[in-house]
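# Structural overview for review
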Amino acid sequence: MSTQLLTYVAVGLSFALYIGIAIWSRAGSTKDFYVAGGGVHPIANGMATAADWMSAASFISMAGIIAFAGYDGSVYLMGWTGGYVLLALLLAPYLRKFGQFTVPDFIGERYYSKVARVVAVVCLIAISFTYIAGQMRGVGVVFSHFLNVPITIGVLVGMAVVFFYAVLGGMKGITYTQVAQYCVLIFAYMTPAVFISLLITDNPLPQLGLGAEVSDGSGLTVLQKLDATLVDLGFQAYTAPKKSMVDIFAITFALMVGTAGLPHVIVRFFTVPKVSDARLSAGYALVFIALLYTTAPAVGAFARINFIETVNGSNYAGEDDQTATPQFFKTFEDIGLIRWVDKNGDGVVNYSAGSAFEGAADFTDERGESGERLLANTPTNNANEVDVDRDIMVLANPEIAQLPGWVIALVAAGGIAAALSTAAGLLLVISASISHDLLKKTFRPDISDKGELIAARLSAVVAIAVAGYLGINPPGFVAQVVALAFGLAAASLFPAILMGIFVKRMNREGAIAGMVSGLAFTVAYIAYFKSSWFGAVNSADHWLFGISPEGIGSIGMLINFAVAFLVASRTASPPDEVQDLVDDIRVPTGAGVAHTH
Amino acid sequence: MSKSKDPQVYHHDSDNQPDHSKHDSEVISDKKVNAYWQANIRLLLTLLVVWFAVSFGAGILFADWLNQFVVAGFPLGFWFAQQGSIYVFVVLIFIYTRQMRVIESRFGVDDDEQEGDAP
């Protein structure tokens with residue numbers, strides 16, 4: 001069978017599995033639809049959370065980012081895992097005890113205010129749509145790379161599949177498809193990683209392979225070899241930081257806090273039976289996530305070594321296997337993700353530090369002397385001739401390591417699973433916030449359970465349509481700022497929930513003022529540097545305290561806390577009943593808390 | 001609410017109540033809640049200090065200094081940033097889960113279904 005046919009089979013089988021699960025797990029009530037009936041086993045929920053969490057960015061992009069950023073890639077590794085400690089210790093158990101359906105539910109009731117609820121809904125929708133556009137795009141990209149179909153068709157197919165299980169099954173359908181998707185994606189990630197680790201270091205465990213000796217007889221370890229090779233080519237050493245320490249600190253912090261504040265992650269802990277299960281489930285989730293996250297840096301390092309060894313100094317038009325440029329280089333060049341300008345006209349690919357040409361790549365339709373695609377861009381003065389899209393590393397890995405076709409098919413199915421599972425989780429929190437928080441709890445309190453369920457399904461349909469549109473026509477601004485989702489969650493929802501549990505004195509006025517100021521500051525800062533509207537220069541010299549837009553959520557969070565405490569100290573205490581509510585959610589069990597007021 | 005000597009019992013009702021446990025029918029005094037809460041805060045602050053130390057400490061602030069030590073082929077600071085902190089995060093959550101069960105059964109607020117489920 002050809003690789004393409006295998007890929008169709010793998011992707012088709014995985015889709016059949018997801019749809020089968022959707023039919024088996026139809027939601028019959030709002031409780032099924034919002035929280036899967038509240039009876040999901042902690043381990044199953046851990047897997048579902050892992051799939052929910054690990055998106056197209058984790059599966060496809062992260063190892064590539066680490067390959068090219070080296071030590072600086074640690075911000076994602078620590079940032080996207082450390083948040084689970086905060087979730088397990090500070091949020092998940094108490095929100096489970098509170099026992100409602102959505103994140104705005106908690107904020108609305110704890111701060112006894114419809115305004116607070118609506119502010120939370122606005123934050124949630126902004127966060128989730130920013131995030132989901134990237135997922136639908138991810139589905140489209142995987143389709144177009146592996147199956148040679150236009151991105152639009154890929155997005156439409158992805159929409160149809162998500163539509164099926166998210167609208168029919170709600171959280172119940174999503175939970176069990178996510179369990180299946182986790183199995184598909186982790187198998188798809190680990191298989192090529194183990195092969196490549198064996199290939200480069202003779203150690204089958206990528207986590208250990210990253211520290212092992214390279215099996216080329218040089219006696220160097222992987223990291224020593226990378227450091228030496230990169231410095232030779234004019235790059236910074238792999239293990240040395242390139243960003244400033246304050247920025248690395250701020251980005252890591254913003255990603256951790258943002259992770260803990262993401263609504264689609266938080267609601268997963270509403271689906272387990274008990275408070276203690278919520279803690280346990282966060283632990284399992286992190287185990288399943290850590291499996292991929294500790295493998296990614298190894299995959300990144302191996303890919304970088306492989307890329308340099310096979311590409312640099314190779315003969316583009318050559319026939320001989322030893323010195324010829326590898327086939328994957330040309331495959332990705334054909335779809336525009338690798339660019340080569342033969343500056344010195346010797347037909348040899350030279351790779352080193354610096355950008356190969358000025359501006360964004362602009363292909364002409366012509367081919368050069370060696371058969372390479374020509375670019376209209378002005379070449380730069382340095383020796384580097386190669387420009388590479390870092391997203392290709394995971395997709396190209398099986399080809400670079402010359403693994404069989406079925407591994408490539410598996411990676412395609414895994415990438416789609418990662419993107420779909422995250423998209424479904426996001427769609428659910430969006431539709432629940434509309435049907436439950438806006439309709440049932442704010443504007444139409446007399447709606448029946450059945451009516452609410454219909455509204456939930458309808459808003460899921462609308463959300464899928466919007467997500468699909470954003471996937472096909474990605475707005476330049478949103479696509480650039482996934483940072484926005486984390487920054488917003490860190491600066492708005494996380495502090496409001498945390499104070500709601502740990503600070504009894506925090507009141508309505510403080511929480512709303514905190515959320516609004518944290519949100520406004522973070523959005524303004526990111527828009528100022530990331531959009532072209534203000535003509536600002538996005539560089540370290542211009543940033544506040546040297547903190548990039550990716551890390552500014554940390555400051556937004558501090559502003560939220562400061563404003564909230566200041567306003568709360570000058571306004572009335574929350575009503576006794578709300579203070580009693582806080583006591584009640586702090587204990588895992590019992591028939592209530594006795595108070596002497 | 002007016003000051004009175006009779007304690008008022010508050011219980012939050014919701015659409016998604018946690019499962020039943022053996023303490024379901026017990027009313028818990030706010031004194032007990034406060035003592036339990038203090039024990040919880042002590043535990044979680046200890047764990048958060050470790051959380052901060054391995055990631056922001058060993059992985060970022062002192063990474064450069066730690067990189068002079070090489071363990072199993074890894075410069076230590078780099079290892080903490082890309083591997084070690086993640087392993088420690090996992091361990092921290094399971095320690096918290098375990099210790100919270102101990103604290104909860106000490107104060108009689110665990111959510112186990114039957115006697116003897118507690119560690």
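Residues numbered from 1 in each chain as written. Chains lettered and ligands numbered in written order. Predicted model: local features only at pLDDT ≥ 70, side-chain atom pairs only at ≥ 80, totals over all residues. Heavy atoms only, no water.

## Some words on the overall build of chain B
Counting secondary structure elements, chain B contains three helices and four strands. When the helices and strands of chain B are placed in sequence order, the string is β-β-α-α-β-β-α. Going through the 119 residues of chain B one by one, you find that 46% of them count as buried. Counting contacts in chain B only where the partners sit at least 6 residues apart, residues at least 24 apart contribute 60% of the total. Summing over all exposed atoms, chain B offers an accessible surface of approximately 6300 Å²; the carbon and sulfur share of this is 59%. (Helix = DSSP H or I, 4+ residues; strand = E, 2+ residues; numbered from the N terminus. Buried < 20%, exposed > 50% of the residue type's maximum accessible area, 1.4 Å probe, protein only. Contact = heavy atoms within 4.5 Å. Areas by Shrake-Rupley, 256 points an atom, 1.4 Å probe, with all protein chains shown as cover.)

## Structural notes on the overall build of chain A
A count of helices and strands for chain A gives 22 helices and seven strands. Taking 2.2 N^0.38 as the reference for a compact globule, 597 residues should give roughly 25 Å; the C-alpha atoms of chain A span a radius of gyration of 25 Å, in line with that estimate. The principal-axis extents of the C-alpha atoms in chain A amount to approximately 85 × 55 × 45 Å. Out of the 597 residues belonging to chain A, those deemed buried represent 63%. (Rg over C-alpha atoms; globule rule 2.2 N^0.38 Å.)

## Quick word on the nonpolar core
If you look at the biggest cluster of nonpolar residues, it comprises 238 residues, and the most contacted ones within it are Trp53(A), Phe59(A), Leu91(A), Ile107(A), Tyr293(A) and Trp51(B). The element best represented in this core is helix α8 (residues 151–201) of chain A, accounting for 21 residues. A domain split of this core shows at least three residues from each of domain 1 (3–306 + 403–480) and domain 2 (338–388) of chain A. In this structure Trp53(A) touches Trp80(A), Tyr84(A), Tyr131(A), Thr259(A), Leu262(A), Val265(A), Ile289(A), Tyr293(A), Thr422(A) and Phe486(A), once residues within four positions along its chain are discounted. (Core = buried A, V, L, I, M, F, W, Y, C linked by side-chain atoms within 4.5 Å. Domains from an automatic or database assignment.)

## A closer look at the domain arrangement of chain A
All names here are of chain A. Splitting chain A by domain gives domain 1 (3–306 + 403–480) and domain 2 (338–388). For domain 1 and domain 2, the distance between their C-alpha centroids amounts to 35 Å. Taken together, the contact between domain 1 and domain 2 spans five residues of the former and four residues of the latter. Sorting the residues of domain 1 by area buried against domain 2 places Phe 68, Leu 233 and Phe 235 first, and these three jointly supply 86% of that buried surface. Here domain 1 is connected to domain 2 by zero salt bridges. Here the side of domain 1 that touches domain 2 is built from residues that sort into three nonpolar, one polar and one charged. (Buried area = accessible area lost by both parts, 1.4 Å probe. Salt bridge = Lys/Arg side-chain N within 4 Å of Asp/Glu carboxyl O. Nonpolar A, V, L, I, M, F, W, Y, C, P; charged D, E, K, R; others polar.)

## Let's talk about the interface of chain B and chain A
On the side of chain A, 78 residues touch chain B, which itself brings 72 residues to the contact. Buried surface at the junction of chain B and chain A, summed over both partners, amounts to about 6500 Å²; 65% is from carbon and sulfur atoms. At the boundary of chain B with chain A, the tally comes to one salt bridge. One salt bridge in this structure joins Glu104(B) and Arg279(A), with 2.7 Å as the shortest N-O distance. For the pair chain B and chain A, the number of links is seven residue pairs in polar contact (both at pLDDT 80 or more). When residues of the side of chain B that touches chain A are traced back to their parent elements, those giving at least two are β1 (8–10), β2 (28–29), α1 (30–61), β4 (74–75) and α3 (76–107) of chain B. Residue composition of the side of chain B that touches chain A, by class: 36 nonpolar, 22 polar and 14 charged. Pairing of strand β7 (residues 593–595) of chain A with β1(B), which is carried by three bridges, proceeds in the antiparallel orientation. Across the sheet, His595(A) pairs through a bridge with Gln8(B), a residue of β1(B). (Polar contact = N/O pair within 3.5 Å; in protein donor to acceptor, adjacent residues only side chain to side chain. Pairing = 2+ DSSP bridges.)

## Description of a nonpolar patch on the surface
On the surface, a nonpolar cluster with roughly 600 Å² of combined accessible area is contributed by Met245(A), Phe52(B), Leu61(B), Phe62(B), Trp65(B) and Phe69(B). Residue position: Phe69(B) is located in the loop between α2 (63–66) and β3 (70–71). (Patch = residues over 30% accessible without salt bridge, like charges linked within 9 Å, V, L, I, M, F, W, Y side chains within 5 Å.)

## Focus on the sheet that holds β2(B)
If you trace the three strands from one edge of the open sheet to the other, you get β1(B)-β7(A)-β2(B), paired in mixed fashion. Taken across any chain shown, the strands that pair with only one partner, and hence form the sheet edges, are β1 and β2 of chain B. Inspection of the sheet shows β7(A) paired to β2(B) by two bridges, in the parallel sense. Among the inter-strand pairings, Ala594(A) is bridged to a residue of β2(B), identified as Ser29(B).

## So, the environment of Thr46(B)
Examined against the element boundaries, Thr46(B) turns out to sit in helix α1. For the pair Thr46(B) and Ala35(B), spaced eleven residues apart in sequence, the C-alpha to C-alpha distance is 17 Å.

## As for the packing of helix α7 (residues 114–147) of chain A against helix α20 (residues 508–530) of chain A
All names here are of chain A. Interhelical geometry of α7 versus α20 gives an angle of 25 degrees and a closest axis separation of 10 Å. The angle between α7 and α20 falls in the class roughly parallel. The handedness of the crossing between α7 and α20 is left-handed. For the pair α7 and α20, the contacting residues are Val 115, Ala 116, Val 119 and Cys 123 in the first and Ile 512, Met 515, Val 516 and Leu 519 in the second. A breakdown of the residues in the contact of α7 with α20 according to their chemical character gives eight nonpolar, no polar and no charged. (Axes fitted to C-alpha atoms, helices over the stretch in contact; angles between N-to-C directions. Parallel < 35°, antiparallel > 145°, perpendicular 65-115°, else oblique. Left-handed = near helix turned anticlockwise from the far one by under 90°.)

## With respect to the packing of aromatic side chains
For the structure shown, the criterion picks out 31 aromatic pairs over all chains. When the centroid spacing of 5.1 Å and the interplanar angle of 90 degrees are considered together, the rings of Phe98(A) and Phe106(A) count as edge-to-face. On the basis of relative accessibility, which here comes to 1%, the residue Phe106(A) falls in the buried class. Geometrically, the ring pair formed by Trp51(B) and Phe56(B) is edge-to-face, given 5.8 Å between the ring centres and 70 degrees between the ring planes. For Trp51(B), a relative accessible area of 7% gives the class buried. Taking relative accessible area as the criterion, Phe56(B) reaches 0% and is therefore assigned buried. Three or more aromatic residues joined by ring pairs form one cluster here, namely Trp53(A), Tyr76(A), Trp80(A), Tyr84(A), Tyr131(A) and Phe486(A). The cationic tip of Arg304(A) hangs over the ring face of Phe235(A); the distance from NZ or CZ to the ring centre is 4.9 Å. Directly above the ring of Phe363(A) sits Arg373(A), whose terminal nitrogen or CZ lies 4.0 Å from the centroid. (Phe/Tyr/Trp six-rings, centres within 6.5 Å; stacked < 30°, edge-to-face > 60°. Lys NZ or Arg CZ within 6 Å of the ring centre and 35° of its normal.)

## Let's talk about the packing of helix α14 (residues 327–334) of chain A against helix α15 (residues 392–400) of chain A
Residues and elements named next belong to chain A. Their axes nearest at 9 Å, the elements α14 and α15 cross at an angle of 140 degrees. The angle between the axes of α14 and α15 places the two elements in the oblique class. Of the two possible hands of crossing, α14 and α15 adopt the one that is right-handed. Within the contact between the two elements, α14 uses Phe 328, Thr 331 and Phe 332 and α15 uses Ile 392, Leu 395, Ala 396, Glu 399 and Ile 400. Along the lines of polarity and charge, the residues of the contact of α14 with α15 split into six nonpolar, one polar and one charged.

## Some points on helix α4 (residues 56–69) of chain A
All names here are of chain A. Given a rise of 1.5 Å per residue, 14 residues ought to cover 20 Å, and the 19 Å separating the end C-alpha atoms of α4 matches this to within 8%. The largest bend along α4 reaches roughly 40 degrees and is located at Met 62. Among the residues of α4, Ala 56, Ser 58, Phe 59, Ile 60, Ser 61, Met 62, Ala 63, Gly 64, Ile 65, Ile 66, Ala 67 and Ala 69 are the ones counted as buried. (Expected span 1.5 Å × (residues − 1). Bend = angle between axes of the 7 residues up to and from the residue.)

## Quick notes on the pattern of salt bridges
Oppositely charged side chains can form a pair if their charged atoms are brought close together. All names here are of chain A. All chains considered together, the criterion is met by nine salt bridges over all chains. Between Arg 117 and Asp 105 there is a salt bridge; the shortest N-O distance is 2.8 Å. Linking Arg 117 in helix α7 with Asp 105 in helix α6 (residues 103–110), this pair joins segments that are twelve residues apart in sequence. The pair formed by Arg 117 and Asp 105 is uniform in burial state, with each residue classed as buried. In this structure, Asp 216 engages Lys 225 in a salt bridge whose closest nitrogen and oxygen atoms are separated by 2.6 Å. Sharing partners across several salt bridges, the network here consists of Asp 216, Lys 225 and Glu 309.

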